[in-house]
Amino acid sequence: MSHRARNSALWPTLGARSGRAEDAALNRPDPAQLLGTPSETATAASGSIGTAPLTDGKVARPEAEVAFDTYTLNVSATYDDLSIAQYVRVLETGGEQDYEQLEVLGRPAVLSSDHTMEITIDLGSGGSSGSVEQGPLARSLSVALDGKDRGGCHDITVWSTSGIPPDDGVLVDIAEEVLPTVSGPAA
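What you are looking at is a predicted structure, and each value in this text was computed from that prediction instead of being measured.

Asker: Would you take a moment to explain the overall build of the protein chain for this structure?
Answerer: Helix and strand counts for the protein chain stand at six helices and seven strands. The N-to-C order of helical and strand elements in the protein chain reads α-α-α-α-β-β-β-α-β-β-β-β-α. With 187 residues in all, the protein chain has 42% of them scored as buried. Look at the contacts in the protein chain between residues 6 or more apart in sequence, and 58% of them connect residues 24 or more apart. Total accessible area on the protein chain stands at roughly 9700 Å², and carbon and sulfur atoms take up 52% of it.

Asker: Can you help me understand the pairing of strand S5 (residues 107-120) in this one?
Answerer: Inspection of the sheet shows strand S4 (residues 99-104) paired to S5 by six bridges, in the antiparallel sense. When the bridges of S5 are listed, Gln101 appears paired with Val110. Linking two consecutive strands that pair antiparallel, namely S4 and S5, is a turn of two residues; a positive phi of about 55° is found at Leu105 within it. When S5 meets strand S6 (residues 131-144), the two strands line up antiparallel, connected through 11 bridges. The residue of S6 that forms the bridge with Met117 is Gln134.

Asker: Just to check I follow, could you spell out the environment of Glu40 for this structure?
Answerer: Counting through the fold element by element, Glu40 comes out in the loop between helix H4 (31-34) and strand S1 (44-51). When its relative accessible area of 12% is taken as the criterion, Glu40 is described as buried. For Glu40 and Asp69, which are 29 residues apart along the polypeptide, the C-alpha to C-alpha distance reads 6.9 Å.

Asker: I keep staring at helix H5 (residues 84-93) and nothing clicks. Help me out?
Answerer: Among the residues making up H5, those that are buried are Ile84, Val88 and Leu91. An end-on view of H5 places all buried positions within 55° of arc, on one side of the element. Projecting away from the buried face of H5 at angles above 90 degrees are the exposed residues Val90 and Thr93. Lining the buried residues of H5 we find S4, S5, S6 and strand S7 (153-159). Directly after H5, the chain includes Gly95, whose backbone phi takes a positive value near 85°.

Asker: Explanation requested: unusual backbone geometry in the structure shown.
Answerer: Glycine aside, residues mostly have negative phi angles, and peptide bonds mostly take the trans form. Look at Leu105: it is not a glycine, yet its phi comes out positive at around 55°. The topology assignment puts Leu105 in the loop between S4 and S5. A positive phi angle, close to 55°, is found at Asp149, a residue other than glycine. Looking at the element boundaries, Asp149 is found in the loop between S6 and S7. A relative accessible area of 15% places Asp149 in the buried class.

Asker: Could you clarify how one ought to interpret the pattern of salt bridges in this entry?
Answerer: Oppositely charged side chains may form a pair once their charged atoms are brought near each other. Per the stated rule, a full pass over the model turns up three salt bridges. The shortest N-O distance in the salt bridge between Asp98 and Arg139 comes to 3.5 Å. Taken together, the residues span a long stretch of sequence, with Asp98 in the loop between H5 and S4 and Arg139 in strand S6 at a distance of 41 residues. The exposure class of Asp98 is partly exposed, given its relative accessible area of 39%.

Asker: How should I be thinking about the environment of Asp173 in this particular structure?
Answerer: Tracing the backbone through its elements, the reader meets Asp173 in helix H6 (residues 168-183). Considering only alpha carbons, one finds Asp173 and Leu34, 139 residues apart in sequence, at a separation of 7.3 Å.

Asker: I would appreciate a short explanation of the confidence of the model for the protein chain in the present structure.
Answerer: Close inspection of predicted coordinates is inappropriate for parts of the model with low pLDDT. Put simply, the protein chain has an average pLDDT of 77, and 72% of its residues get 70 or more. By mean pLDDT, the top-scoring element of the protein chain is S4 (96), and the lowest-scoring one is helix H1 (residues 3-8) (30). Low pLDDT, under 50, characterises residues 1-19; the stretch is placed with 39 contacts to residues that sit more than four places away or in other chains.

Rules of the game
- Residues numbered from 1 in each chain as written.
- Predicted model: local features only at pLDDT ≥ 70, side-chain atom pairs only at ≥ 80, totals over all residues.
- Heavy atoms only, no water.
- Helix = DSSP H or I, 4+ residues; strand = E, 2+ residues; numbered from the N terminus.
- Buried < 20%, exposed > 50% of the residue type's maximum accessible area, 1.4 Å probe, protein only.
- Contact = heavy atoms within 4.5 Å.
- Areas by Shrake-Rupley, 256 points an atom, 1.4 Å probe, with all protein chains shown as cover.
- Pairing = 2+ DSSP bridges.
- Arc of directions from axis to C-beta.
- Salt bridge = Lys/Arg side-chain N within 4 Å of Asp/Glu carboxyl O.
- pLDDT = per-residue confidence, 0-100.

Encoded structure:
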């Protein structure tokens, strides 16, 4: 059985659950290849039609995620008024130094890093509620929804349990491959 055939069985279930554009972006046979791990098979896939945190449910933030043994890939969109330029100012104000501004598909974009959270829950009879710790480093590419940077963005985020994300070129390649399927050609 080819790599494409093994992975394609998981993708239709993701797209069928919600039918959203973010699901469609990952509802393809090649995400492992895009990540540089073509021999891996997806171990989990999910999607949600959610809202952005701290918006009282008023800002849409749909997302789709697919996990492999090496990496987890998340594609989301946030439909708010925050431009990439404003997001960069937030990063600078917060003292962030590990970011890079660039252009992807003719749109302003920024690469940044943050740690995931690792949550451990004790399901035994010990009565412990578990612990929350710093998880592996995630690398994100945020791309403006349009070339004029009027607000909102698509995020491509990748992390690995090893803590070593792929190089930034991989995120740019993924964005260039999947974002046109989410929002059509760049404005």
